[in-house]
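Here's the letter readout for the chains.
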Amino acid sequence: MKNKKWIILVGVFFILMVVFLYSEGLTVRHIVIIGNKHLNEKEIRSIIGIKEGSSIIYPSSKSLYERLKKTPWIKDAIIRKDLNGTITIYIKESSPVAVAMFNEKAYLIDYEAQILEDFTQEIQASANHKPLLLPVIKNIDPFKNRETFEEAVKLLNFISNKGFIKTEDEITITGNNPDTLTLYINDFPIIVGKGDFEIKFAKYLIVNAEIQKRGLNVQYIDLRFPDRVIVKPVQQDLKDE
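From a predicted model like this one, the values you see are computed outputs, not experimental measurements.

Criteria and thresholds
Residues numbered from 1 in each chain as written. Predicted model: local features only at pLDDT ≥ 70, side-chain atom pairs only at ≥ 80, totals over all residues. Heavy atoms only, no water. Helix = DSSP H or I, 4+ residues; strand = E, 2+ residues; numbered from the N terminus. Contact = heavy atoms within 4.5 Å. Areas by Shrake-Rupley, 256 points an atom, 1.4 Å probe, with all protein chains shown as cover. Pairing = 2+ DSSP bridges. Axes fitted to C-alpha atoms, helices over the stretch in contact; angles between N-to-C directions. Core = buried A, V, L, I, M, F, W, Y, C linked by side-chain atoms within 4.5 Å. Buried < 20%, exposed > 50% of the residue type's maximum accessible area, 1.4 Å probe, protein only. Salt bridge = Lys/Arg side-chain N within 4 Å of Asp/Glu carboxyl O. Right-handed = clockwise from strand over helix to strand, strands pointing away.

Draft legend 1. Broad picture of the overall build of the chain. Per the secondary structure count, the chain includes six helices and twelve strands. Here the contacts in the chain between residues at least 6 apart in sequence split such that 47% fall between residues at least 24 apart. Counting every atom, the chain has about 16100 Å² of accessible surface; 55% of that belongs to carbon and sulfur.

Draft legend 2. Quick peek at the sheet that holds strand β2 (residues 74-81). Pairing in this open sheet of three strands is mixed, and the strands run β1-β3-β2 from one edge to the other. The open sheet is flanked by β1 (30-34) and β2, the only strands paired with a single partner. Taken pair by pair, the neighbouring strands of this sheet meet at an average axis angle of 15 degrees, ignoring direction. Of the pairings in the sheet, the one linking β2 to strand β3 (residues 86-93) comprises seven bridges and is antiparallel in character. From the neighbouring strand, Ile74 faces β3, where its bridge partner is Glu93. Sitting on the sheet, helix α2 (residues 41-48) touches β1, β2 and β3, and the angle it makes with β1 is about 115 degrees. Running over the sheet, helix α3 (residues 61-69) touches β2 and β3 and is turned about 155 degrees from β2.

Draft legend 3. Highlighting the nonpolar core. Core analysis: the largest hydrophobic core is formed by 29 residues, its most contacted members being Ile137, Phe149, Leu155, Ile159, Leu183 and Phe201. Apart from residues lying up to four places away in sequence, Phe201 is in contact with Leu155, Phe158, Ile159, Phe164, Leu183 and Val192. Core analysis: the next-biggest nonpolar cluster, separate from the first, contains 23 residues, Leu26, Val28, Ala77 and Ile91 among them.

Draft legend 4. Layout of the pattern of salt bridges. For the coordinates displayed, the defined rule picks out twelve salt bridges. The shortest N-O distance in the salt bridge between Glu147 and Lys194 comes to 3.4 Å. You can see Glu147 sitting in helix α5 (residues 146-161) and its partner Lys194 sitting in the loop between β10 (188-191) and α6 (197-214), a full 47 residues away along the chain. Look at the salt bridges and you will find they share partners, linking Glu41, Arg45 and Glu52 into a network.

Draft legend 5. How the structure looks around the pairing of strand β8 (residues 171-174). Sheet topology note: the strand β7 (residues 136-138)/β8 ladder contains two bridges and is parallel. What sits directly across from Ile137, in β8, is Ile173. This β-α-β element, β7 to α5 to β8, shows left-handed connectivity. Pairing of β8 with strand β9 (residues 182-185), which is carried by four bridges, proceeds in the antiparallel orientation. The residue bridging Ile173 from the neighbouring strand is Leu183, located in β9.

Here's what the structure looks like:
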């Protein structure tokens, strides 16, 4: 009986040793990265912390994924390990949708209001002050005033997805709180406030068409009230005859 137990233990030990030696021999021979545009291969390799010659078993795919997800630019990732020694990493990067400007700092942000990177130096380096190609969220603290900031991004996403703005339009969003959010399209202010964007902009289309039809000179449009749209005409200065 004892001999049988010893045989079993030796057998188990032998199997474990084979598995250990086999896993030790499984090393990374190739790292293939697909889908990255903003981040280069060197940066991604630094994030995952492995290189050729490392074990292909450890760290796990889950650990590598968690490392990648800590980087704001990486929206999602798929990691595939092959026993031939190849690790393939499919990257889905975040896309910047606006520039947040606050206290002389500028940040690239994505459609979920996440800060991708500090963009201040790039803005300051623009010696000829070309207009930004991205919309601007201005004077809203992206760190301490998150409710207003996130609402501003929701507004931006809405008007972009619904086609209310053209590629060449200059877009700015400001506001001290969600209820005072104001959208500027080519310097024309539309006070939007918080939420109900579908209803508000349905009314805006009707009102704006009427303004264009009559050739009115308007100072701003206020969409915040459920039962009306306020159109503020430009005050004409009276000249003495």
